[in-house]
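# Report on the structure
As a plain string of letters, each chain reads:
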Amino acid sequence: QVQLVESGGGLVQAGDSLRLSCVASGHAFNMNAMGWFRRAPGKERESVAAINWSGDGTNLLDSVKGRFSISRDRAKNEVYLQMNSLKPEDTAVYYCAASLTSSPATRQPYDYTYWGQGTQVTVSS
């Protein structure tokens, strides 16, 4: 059974940093893309970041470029989202996702098969 488990969320102030982690079990995703999505209250889910199978290619949402970065440890089957200079508009539930079909850093939700339960990130002003 494949599971993705996120951790690292919390309540922070604007300008602070957080590092989200996601550990996958039940399948080795080291040849597949992984990504982070978020859903803010009252808004649609949006893709935040994706990383390709090898870890040397990333794709970021425009509004987080320069503040967020995504990385992965293929040996540990883990993916990370480093979030710096957080803003209140970054408040959302953040979800980790893993693809079975894509190797490039895709941000299309339909390319992802497995999803975590989410971790809450709240940024106060």
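Residues numbered from 1 in each chain as written. Predicted model: local features only at pLDDT ≥ 70, side-chain atom pairs only at ≥ 80, totals over all residues. Heavy atoms only, no water.

## As for the state of the cysteines
Cut-off, in case you're wondering: What counts as a disulfide here is a pair of cysteine sulfur atoms lying within 2.5 Å. For helices the rule is a DSSP run of H or I covering at least 4 residues; for strands it is a run of E covering at least 2, with both sets numbered from the N terminus onward. Buried, partly exposed and exposed residues are distinguished by accessible area as a fraction of the type maximum, computed with a 1.4 Å probe on protein chains only: under 20%, between the cut-offs, and over 50%, respectively.
Applying the stated criterion across every chain yields a total of one disulfide. The disulfide that involves cysteine 22 links it to cysteine 96, with 2.1 Å between the sulfurs. Looking along the S-S bond of the cysteine 22-cysteine 96 disulfide, the torsion reads about -75°, which is the left-handed sense. With cysteine 22 in strand S3 (residues 18-25) and cysteine 96 in strand S9 (residues 92-98), the pair connects residues that are 74 residues apart, well separated along the chain. Taking relative accessible area as the criterion, cysteine 22 reaches 1% and is therefore assigned buried.

## Things to note about the layout of surface pockets
The following threshold applies: Cavity means a closed set of points on a 1 Å grid over the protein atoms alone, one where a 1.4 Å probe fits but cannot get out, pocket means an open set with protein on both sides within 12 Å along at least 5 of 7 lines, and lining means a residue has an atom within 4 Å of a point. Grid points are joined across faces, edges and corners, and a volume is the space filled by probe spheres set on the points. Amino acids outside the nonpolar list (Ala, Val, Leu, Ile, Met, Phe, Trp, Tyr, Cys, Pro) and the charged list (Asp, Glu, Lys, Arg) are all regarded as polar, and Gly is one of them.
Volume-wise, the largest pocket comes out at about 160 Å³. Around the largest pocket, the lining is made up of 13 residues, and of these Arg38, Lys43, Glu46, Ser63 and Glu89 lie nearest the centre. Grouping the amino acids of the lining of the largest pocket by side-chain chemistry returns two nonpolar, two polar and nine charged.

## Remarks on the packing of aromatic side chains
Basically, it comes down to this: Note on aromatic pairs: the rings of Phe, Tyr and Trp (six-membered ring only in Trp) are paired at centre separations within 6.5 Å, and the planes decide the class, stacked below 30 degrees, edge-to-face beyond 60, tilted for the rest.
For the structure on display, the rule yields four aromatic pairs. An angle of 55° between the planes, with centres 4.7 Å apart, marks the rings of phenylalanine 37 and tryptophan 115 as tilted. Placement of the pair is phenylalanine 37 in strand S4 (residues 34-39) and tryptophan 115 in strand S10 (residues 114-115), with a sequence separation of 78 residues. You can call phenylalanine 37 buried: its relative accessible area is 1%. The exposure class assigned to tryptophan 115 is partly exposed, which follows from its relative accessible area of 27%. Ring plane angle 65° and centroid distance 6.2 Å describe the contact between tyrosine 112 and tryptophan 115, whose orientation is recorded as edge-to-face. Residue tyrosine 112 is classed as buried on the basis of its relative accessible area, which comes to 6%. In textbook terms, an aromatic cluster arises when at least three aromatic residues are bridged by ring pairs, as seen for Phe37, Tyr112 and Trp115.

Spatial relationships are all this shows, so hold off on functional conclusions.
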